[in-house]
Amino acid sequence: MAQISVRNVSKVYKGGVKAVDDVNLGIENREFMVLVGPSGCGKSTTLRMIAGLEEITDGKIWIGNRLVNEVPAKDRDIAMVFQNYALYPHMSVFENMSFGLRLRKYPKHEITRRVQEATEILGIKHLLDRRPRQLSGGERQRVALGRAIVRKPQAFLFDEPLSNLDAKLRVQMRTEIHKLRLRLQTTFVYVTHDQTEAMTLGDRIVVMKDGKIQQCADPMTIYDKPANKFVASFIGSPPINLMNGRVIKKERKYYFDEGKFQTRIVEAMHAVMAPYEGKEVIFGIRAEDIYDKLFVSEASPDNIVRAACEVVEPLGSEVYLYLNSGKNPFIARVGAHNRPEVNRDMDLVFDMSKVHFFDRETEKTIV
Ligand code: ADP
């Protein structure tokens, strides 16, 4: 296991694409770090530079105490797991898993011992003689994991390892990776575009966009205290509701004026919101912070929003309401027993203590 340090790292591909732009990242020993962001944001390039599969245009990368800029991938003592498994089709599972060790001239008994240990951890002992084409997607991914485990590397680098699996298998493999991580007690860097994977697996999450880090923090901080509008909207499902509007002041109280409704800004936010009086801001509220008023015992009239209920989507354990204020569409996630009528106006309660405000120009979080 090792800590990984990425300092002022940039990558410009031939042709001038700046895929990674001055990234700084410190990954602790035994930490599970997830890089997440939309396609093309530079997360794979960052990982591949750590792995040594891509040259670093600018900056420095350390693995442990070793500066690895000039160290070839095979000498970095890390193992990488890819989305497409990258198994050798003509080799059996045993041969695939032991290939790296054989290449490094490990003694036979040590190879057998390590492969056995890994197959036990992954539950694939019965597959050792099969070829990759005789395996399901999930089994192939386990073999790819096994091949990484036997190396006992200083760090595991995962590049979208679950993307080729169907939804159910992904969830299952996610929990397996979680268990694996607890068992192996080593450093993981994991790339995904899937915010649920990021939230559930990461000790910390790095959210990237356009080659730049937007925020690096633990999952709940990312969710509750996003650094900007992009992070707020990328993390969370359904995505946070965003509305443009203005901050106004009436009788020493501040309100968010959406155009069709006004909701009162809680006192705790007054100090930071005061400079925005009269100005346009972006208002954000998550679907779970909006309630059907019928189910709220005490609601201040200052928090009530009237909106048309356009669609009711029961999901079993909860219900999504697709609402429209007349200016902005938004979604509420309410309890399974909430069944408002469709195509009718209804009253909703906004939990104003949970909302976010973003600067219209910089899109940075105000509060
Ligand atoms: P992500 O993993 O977040 O989807 P990538 O790191 O793969 O993003 O890519 C970041 C940017 O770099 C994208 O604009 C992509 O098109 C570009 N890119 C990736 N690989 C290459 C390459 N080999 N040559 C040129 N451009 C590349």
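Coordinates for the structure precede this section.
Now for a description of the structure that goes with this document. Model, not experiment: these values are computed from the prediction.

Cut-offs and rules
Residues numbered from 1 in each chain as written. Predicted model: local features only at pLDDT ≥ 70, side-chain atom pairs only at ≥ 80, totals over all residues. Heavy atoms only, no water. Core = buried A, V, L, I, M, F, W, Y, C linked by side-chain atoms within 4.5 Å. Buried < 20%, exposed > 50% of the residue type's maximum accessible area, 1.4 Å probe, protein only. Helix = DSSP H or I, 4+ residues; strand = E, 2+ residues; numbered from the N terminus. Contact = heavy atoms within 4.5 Å.

**So, the nonpolar core**
The biggest cluster of nonpolar side chains holds 44 residues, and the ones touching the most others in it are V36, M97, F158, Y190 and V207. Here the element with the most residues in this core is helix α4 (residues 137-149); it accounts for five residues. Look past the residues within four positions of Y190 in its chain and what remains in contact with it is F32, M33, V34, L35, F158, P161, L162, I177, E197 and L201.

**Side note on unusual backbone geometry**
P238 follows S237 through a cis peptide bond whose omega is -5 degrees. Relative to the elements of secondary structure, P238 occurs in the loop between α8 (229-234) and β11 (241-250). Its identity is not glycine, yet K152 carries a phi of approximately 45 degrees, on the positive side. Tracing the sequence through the fold places K152 in the loop between α4 and β7 (155-159). Assessed through its relative accessible area of 43%, K152 is described here as partly exposed. For E363, which is not glycine, the phi torsion reads 65 degrees and is therefore positive. Tracing the backbone through its elements, the reader meets E363 in the segment after β20 (356-359). Look at E363 and you get partly exposed, because its relative accessible area is 30%.

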